Amino acid sequence: MTAPTHDVVAIGNAIVDILAQAEDSFIEEIGVAKGSMQLIFSPEEADALYGKMGPGREVSGGSAANTVAGMAALGSRTAFIGQVADDQLGQVFGHDLRAAGVGFDTAVRPGQPTTARCLIFVTPDGQRTMNTFLGASQFLPEAALDRDLIAGGAILYLEGYLWDPEEPRKAMRAAIDIARGAGRKVAFTLSDVFCISRHGDDFRALIAEGLVDILFANENELLALAQLEDFDAAVDKIAAQVPTLVVTRSEKGAIALQDGMRAEVAAEPIEKVVDTTGAGDLFAAGFLHGQAQGWDVARSLKLGAVCAAEIISHYGARPEANLREVAAKLG
């Protein structure tokens, strides 16, 4: 097996986030569950909801893209594969990702639909409620995969959010075959409970077939995947099926189990939670960066917690602090 050219190559939704503050009453008014992610299925519906937003700010996002941007900020070699349209938001997304130090060369898709956007309402408690129009991102074809790039990544990182549309689902299955054929690891994030409700059988099959080396989940996602109500029982069930399991638990910290070794970390204290957008993405960034450096699970978990704390202290899912300095403090 040749030496990897990248620490992580990620495939995910190429999305531009539009963030605005909102009161709890507004979340109730639009009829969505606070703290969740809903799909918007038409540009007209997205435009209508956008029209109800207060003053917002545009920040390139997308779960897997946030993770590799965070890793790049830590010093990892990363690349991203995702579909944007030939429009202004597509240009914004590509510029932001490249400027963050992430390789991004996926060809743009001409015509409609537009580049994906996520309308994010942040309530006073820092919770984010996401409403996503997938647009062009759901049309990532297998032909867009850079096979050499995937084969050269030490870890292929996939997001559950992109499993919903058929075309990128086929692309990700092909990417898994490429990575496996090159002797690389595959990491997978479950993304959201709704993804499990729609594709849980697929995810369980991937795990049962031994195609996932590192699995990321939050507490609710783990319970849904395991189809259990007891957290410890769910951990035991899923940890027996994957070499590395990482579970985030919000204010209760996180745990990781790797080859029979269990580690736990407390949530990092911060003065105020401003916006939880990207917390899980940056936790994954810290953990994966630590693994790429050959760190043990406990130290990798600690860096994940530190990165998550940085991201929830401000708006948006891309780091503002110097994460290399943060990592250096861990020794």
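Description of the structure in this document. (Residues numbered from 1 in each chain as written. Predicted model: local features only at pLDDT ≥ 70, side-chain atom pairs only at ≥ 80, totals over all residues. Heavy atoms only, no water.)

**Description of the overall build of the protein**
Alright, step 1. Looking only at helices and strands, the protein features 12 helices and 14 strands.
Alright, step 2. Here the C-alpha radius of gyration of the protein, 18 Å, is about what a compact globule of 331 residues would show, namely 20 Å.
Alright, step 3. If one aligns the C-alpha atoms of the protein with their principal axes, the spans along those axes are about 50 × 45 × 40 Å.
Alright, step 4. A burial count over the protein gives 58% of its 331 residues as buried.
Alright, step 5. Across the protein, the fraction of contacts at a sequence separation of at least 24, relative to all contacts at a separation of at least 6, is 75%.
Alright, step 6. As displayed, the protein offers around 13700 Å² of accessible surface, 48% of which is attributable to carbon and sulfur atoms.
Alright, step 7. Looking at charge distribution, the protein has the averaged site of its 27 positive side-chain charges lying 4 Å from that of its 45 negative ones. (Helix = DSSP H or I, 4+ residues; strand = E, 2+ residues; numbered from the N terminus. Rg over C-alpha atoms; globule rule 2.2 N^0.38 Å. Buried < 20%, exposed > 50% of the residue type's maximum accessible area, 1.4 Å probe, protein only. Contact = heavy atoms within 4.5 Å. Areas by Shrake-Rupley, 256 points an atom, 1.4 Å probe, with all protein chains shown as cover. Lys, Arg positive; Asp, Glu negative; His and termini not counted. Charge placed at Lys NZ, Arg CZ, Asp CG, Glu CD.)

**What about the packing of helix 8 (residues 219-226) against helix 9 (residues 231-239)?**
Alright, step 1. Packing of helix 8 against helix 9 brings their axes to within 9 Å, and their N-to-C directions diverge by 65°. In terms of axis orientation, helix 8 runs roughly perpendicular to helix 9. The way helix 8 lies across helix 9 gives a crossing that is left-handed. Note on element contacts: helix 9 touches helix 8 through Phe 231, Ala 234, Val 235, Lys 237 and Ile 238, opposite Glu 219, Leu 222, Leu 223, Leu 225 and Ala 226.
Alright, step 2. Looking at the contact of helix 8 with helix 9 residue by residue, the classes come out as 8 nonpolar, no polar and 2 charged. (Axes fitted to C-alpha atoms, helices over the stretch in contact; angles between N-to-C directions. Parallel < 35°, antiparallel > 145°, perpendicular 65-115°, else oblique. Left-handed = near helix turned anticlockwise from the far one by under 90°. Nonpolar A, V, L, I, M, F, W, Y, C, P; charged D, E, K, R; others polar.)

**Looking at the side chain of Thr 189**
Alright, step 1. Assignment of secondary structure puts Thr 189 in strand 10 (residues 185-189).
Alright, step 2. With relative accessibility at 10%, the residue Thr 189 sits in the buried group.
Alright, step 3. Here Thr 189 is in contact with Tyr 157, Leu 158, Glu 159, Gly 160 and Phe 216, once residues within four sequence places are set aside.

**Focus: the packing of helix 3 (residues 63-74) against helix 10 (residues 279-292)**
Alright, step 1. At a minimum axis separation of 8 Å, helix 3 and helix 10 run at an interaxial angle of 45°. As far as their axial angle goes, helix 10 and helix 3 are oblique. You can see that helix 3 and helix 10 cross each other, and the crossing is right-handed. Seen from helix 3, the contacting residues are Ser 63, Asn 66, Thr 67, Gly 70, Met 71 and Leu 74; seen from helix 10, they are Asp 281, Leu 282, Ala 284, Ala 285, Gly 286, Leu 288 and His 289.
Alright, step 2. Across the contact of helix 3 with helix 10, the residue classes break down as 6 nonpolar, 6 polar and 1 charged.

**Thoughts on the layout of surface pockets**
Alright, step 1. By volume, the second largest pocket is sized at about 220 Å³.
Alright, step 2. Residue lining of the second largest pocket: 13 residues in total, with Ile 155, Lys 185, Ile 214, Gln 291 and Ala 292 positioned closest to the centre.
Alright, step 3. Among the elements of the structure, strand 9 (153-159) and helix 10 are those that each provide at least two residues to the lining of the second largest pocket.
Alright, step 4. Residues that form the lining of the second largest pocket fall into these classes: 6 nonpolar, 3 polar and 4 charged. (1 Å grid on protein atoms, 1.4 Å probe; cavity = no way out; pocket = protein on both sides within 12 Å on 5 of 7 lines; lining within 4 Å. Points joined across faces, edges and corners; volume = space filled by probe spheres on them.)

**A closer look at unusual backbone geometry**
Alright, step 1. For the bond from Gln 112 to Pro 113, the omega torsion is 0°, close enough to zero to count as cis.
Alright, step 2. Relative to the elements of secondary structure, Pro 113 occurs in the loop between strand 6 (103-104) and strand 7 (116-122).
Alright, step 3. Even without glycine at this site, Ser 191 takes up a positive phi of about 75°.
Alright, step 4. Here Ser 191 lies in the loop between strand 10 and helix 7 (193-208).

**Concerning the side chain of Glu 159**
Alright, step 1. Residue position: Glu 159 is located in strand 9.
Alright, step 2. Here the side chain of Glu 159 touches Ala 64 through a polar contact of 2.9 Å, landing on its backbone nitrogen.
Alright, step 3. Leaving out residues up to four positions away in the same chain, Glu 159 has contacts with Ile 11, Gly 12, Asn 13, Gly 62, Ser 63, Ala 64, Met 172, Thr 189 and Ser 191. (Polar contact = N/O pair within 3.5 Å; in protein donor to acceptor, adjacent residues only side chain to side chain.)

**A look at the sheet that holds strand 1 (residues 6-11)**
Alright, step 1. In spatial order, the strands read 6-5-1-9-10-11-12-13-14; together these 9 strands make up an open sheet with mixed pairing. Each having just a single partner strand, strand 6 and strand 14 (261-265) make up the two edges of the open sheet.
Alright, step 2. Where strand 13 (residues 254-258) lies against strand 14, 5 bridges are found, and the strand directions are antiparallel. When the sheet's bridge partners are listed, Ala 254 is paired in strand 14 with Val 265.
Alright, step 3. The sheet strands contacting helix 10 are strand 1, strand 9, strand 11 (214-218), strand 12 (244-248), strand 13 and strand 14, and the helix crosses strand 11 at an angle near 155°.
Alright, step 4. Helix 11 (residues 297-311) rests against strand 12, strand 13 and strand 14 of the sheet, and its axis sits at about 25° to strand 14. (Pairing = 2+ DSSP bridges.)

**Things to note about the sheet that holds strand 2 (residues 15-21)**
Alright, step 1. If you trace the 5 strands from one edge of the open sheet to the other, you get 3-8-7-2-4, paired in mixed fashion. Sheet topology places strand 3 (37-40) and strand 4 (56-61) at the edges, where each strand pairs with a single neighbour. Ignoring strand direction, the axes of neighbouring strands in this sheet form an average angle of 25°.
Alright, step 2. Summarising the sheet, strand 7 and strand 8 (residues 128-133) pair through 6 bridges and their orientation is antiparallel. Of the residues in strand 8, the one forming a bridge with Val 122 is Arg 128.

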